[in-house]
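Observations on the three-dimensional arrangement
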Amino acid sequence: MTQRQVRVPRATVSSLPPAPPPPPPPQRRRPAADLDPYAPLGLRLGNVVLRPALTSSIGYDSNPERAASSARKGSPFSRTEGELEIQSDWNVHELRGRLRGGYSEFFRNRDASRPDGEGTLDLRLDASRDTRILLETRTRLDTQRPGSPDLTAAVTGRPLVYQYGASAGVTHDINRLQLTLRGSVDRSDYEDGKLSNGGIVSQADRNQTQYGLRLRAAYEVTPGFRSFVQGEVDTREFDEAVDSSGYRRSSDGVTGRVGSTFEISRQLTGEISAGFQNRKYDDGRLRNLRGLIGDAAILWSPTPLTTVTLRGTSELGDTTVAGSSGTTARRVSLEIAHALRRNLIVTGLASFGRTDYDGQSLREDATSFGARIEYRLTRTFSVRASFTHERLNSTSQGSDYTANIAQVGLRVQF
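Predicted, not measured: the structure shown is a model, and the values here were computed from it.

Another aspect to go through is the environment of arginine 138. Locating arginine 138 in the fold gives a position in strand β6 (residues 131-143). Residue classification places arginine 138 among the buried residues on the basis of a relative accessible area of 19%. Separated by 151 residues in the primary sequence, arginine 138 and leucine 289 place their C-alpha atoms 26 Å from one another. If sequence neighbours within four positions are ignored, arginine 138 has contacts with Gly119, Thr120, Gln163, Tyr164, Gly165, Ala166, Ser167, Ser184, Val185 and Asp186. A distance of 2.9 Å separates the side chain of arginine 138 from the side chain of aspartate 186, its partner in a polar contact.

Here's what the structure looks like:
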């Protein structure tokens, strides 16, 4: 037999396949507001987005000083209002805030001219995946109406009220359980009132500082429901140990509260809580102020063009009315906004509030309702017009009033 030589064929080496094209660069997720063609784009300052706005309006107020019907004096007015929203765009941590300030000048009643404003600034520091440090500052500027029961004399103009504070806390997640501990300090300063004869009504006895400590435990029952229980202790210290009526108003309070956030569907979300508060005063003549407290905020969107917002609150407050420990204030408001077109929004508003003065037969019922229309010309410019009717019914003789306010203005936002 002849042996045949078998040669193994040489392996063919082919070239490597071409490298795939590089992936496109990651794009930042556009916020929901950018989906609105008339929403402001904001001004970027590094990784922080600023959204400033300025509104200038003119109008007429039938009762600028909220005086009794027999003494009211209407006046045209101008109003200038500025706003600033702050939102960070960081991978970790978060900074957000909102500042607003305005001034109303009444041409026929200079004493009724007044400023107002409020603002908050929140900083969240992510210490770890489950632990976060929460820092907050807040401020508010308001005025008192001349007929307020807490003013011991008839004053001219509207005395200013300054409120500001800060809080610091830490929150930690343990699976579905979230624990939050927060401490706070708040300050309230009252401007002295001016009498028609040039005299001064001191309100230094109302200046106070409040210290509080709150512990909250929340549990996520389902992705849409987070129930919580909360306990809080606080101390209110007045600058003057004795007020103008001879009472020692400093007090200690204890508050317990339970509630839940909820999201029944994309159309119905909100938070509801209720609890009980007990406040003990340094003055033995003032009985403990105790009662039910609560908060509710419900947002319902029955259609993509309609939004219904319902808010309610019940809280206990301080007063300088002789013989009264404090006030129990309950308020509820309803707002319905409907977009006739994407750039034409009509809003109806209504609210009711009742304030009872403990230990006294003094009660005030405040009612208001109105409408507002906004026509957005572009992302930057819009025209606003509104009408509001206000009414106060009080058991104190000569304190009732009504007021009608109409105004129209131009808003510029970036």
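Let us now look at the confidence of the model for the chain. On average, residues of the chain score 90 in pLDDT, and 91% of them reach the 70 mark or higher. Every residue in residues 11-16 scores below 50 in pLDDT, and together they form zero contacts with partners more than four places removed in sequence or on other chains. With pLDDT under 50 throughout, residues 26-33 is counted as low confidence; its partners more than four residues away or in other chains account for three contacts.

What follows covers the nonpolar core. Membership of the largest hydrophobic core is limited to six residues, which are Tyr247, Tyr281, Leu286, Leu289, Ile293 and Leu316. Excluding residues that lie within four positions of it along the chain, isoleucine 293 makes contacts with Thr255, Arg257, Ala274, Gly275, Phe276, Gln277, Ser314, Glu315 and Leu316.

Moving on, we get to the environment of alanine 127. Considering the arrangement of structural elements, one finds alanine 127 in the loop between β5 (114-126) and β6. On a C-alpha basis, the gap between alanine 127 and tyrosine 219 in space is 21 Å, while along the polypeptide they are 92 residues apart.

What follows concerns the packing of aromatic side chains. Following the criterion strictly, the structure yields one aromatic pair and no others. Here phenylalanine 77 and phenylalanine 106 contribute two aromatic rings whose centre-to-centre distance is 5.4 Å and whose plane-to-plane angle is 45°, an arrangement assigned as tilted. Residue phenylalanine 77 is found in strand β3 (residues 75-88), and its partner phenylalanine 106 is found in strand β4 (residues 94-106); the two are separated by 29 residues along the sequence. By the burial criterion, phenylalanine 77 is buried, and phenylalanine 106 matches it.

Before going further, it helps to examine the pairing of strand β15 (residues 289-303). Pairing of strand β14 (residues 268-281) with β15 involves 12 bridges; the strand directions are antiparallel. Counted as the bridge partner of glutamine 277 is glycine 291 from β15. In terms of strand pairing, β15 meets strand β16 (residues 306-317) through eight bridges, oriented antiparallel. Residue pairing across strands places threonine 303 opposite threonine 306, the latter belonging to β16. The antiparallel pairing of β15 with β16 creates a hairpin that spans two residues between the two strands.

The next subject is a nonpolar patch on the surface. Taken together, Ile133, Leu135, Val170, Leu181, Leu213, Leu215, Val233 and Val254 make up a surface patch of nonpolar side chains, about 630 Å² in accessible area. Those elements that provide at least two residues to the nonpolar patch are β6 and β11 (208-222). On the basis of relative accessibility, which here comes to 36%, the residue valine 170 falls in the partly exposed class.

Turning next to the pairing of β3. Examined bridge by bridge, strand β2 (residues 48-61) and β3 share 14 bridges and lie antiparallel to one another. When the sheet's bridge partners are listed, valine 49 is paired in β3 with glutamine 87. Two strands pair when backbone bridges link them, and β3 and β4 are joined in this way by 11 bridges, in the antiparallel orientation. Its bridge partner being in β4, glutamine 87 is matched across the sheet by arginine 96.

In total, this model carries 34 salt bridges according to the counting rule given. Notably, a salt bridge pairs arginine 376 with glutamate 374, separated by 3.9 Å at the nearest N-O pair. Taking relative accessible area as the criterion, arginine 376 reaches 16% and is therefore assigned buried. With relative accessibility at 14%, the residue glutamate 374 sits in the buried group. Each of Arg79, Glu81, Arg100, Asp116 and Glu118 takes part in a single network of salt bridges with overlapping partners.

Before going further, it helps to examine the environment of glycine 147. Along the chain, glycine 147 falls in the loop between β6 and β7 (160-174). A residue is classified by how much of its surface remains accessible, and glycine 147, at 32% relative accessible area, is partly exposed.

Cut-off values and rules
Residues numbered from 1 in each chain as written. Predicted model: local features only at pLDDT ≥ 70, side-chain atom pairs only at ≥ 80, totals over all residues. Heavy atoms only, no water. Helix = DSSP H or I, 4+ residues; strand = E, 2+ residues; numbered from the N terminus. Buried < 20%, exposed > 50% of the residue type's maximum accessible area, 1.4 Å probe, protein only. Contact = heavy atoms within 4.5 Å. Polar contact = N/O pair within 3.5 Å; in protein donor to acceptor, adjacent residues only side chain to side chain. pLDDT = per-residue confidence, 0-100. Core = buried A, V, L, I, M, F, W, Y, C linked by side-chain atoms within 4.5 Å. Phe/Tyr/Trp six-rings, centres within 6.5 Å; stacked < 30°, edge-to-face > 60°. Pairing = 2+ DSSP bridges. Patch = residues over 30% accessible without salt bridge, like charges linked within 9 Å, V, L, I, M, F, W, Y side chains within 5 Å. Areas by Shrake-Rupley, 256 points an atom, 1.4 Å probe, with all protein chains shown as cover. Salt bridge = Lys/Arg side-chain N within 4 Å of Asp/Glu carboxyl O.

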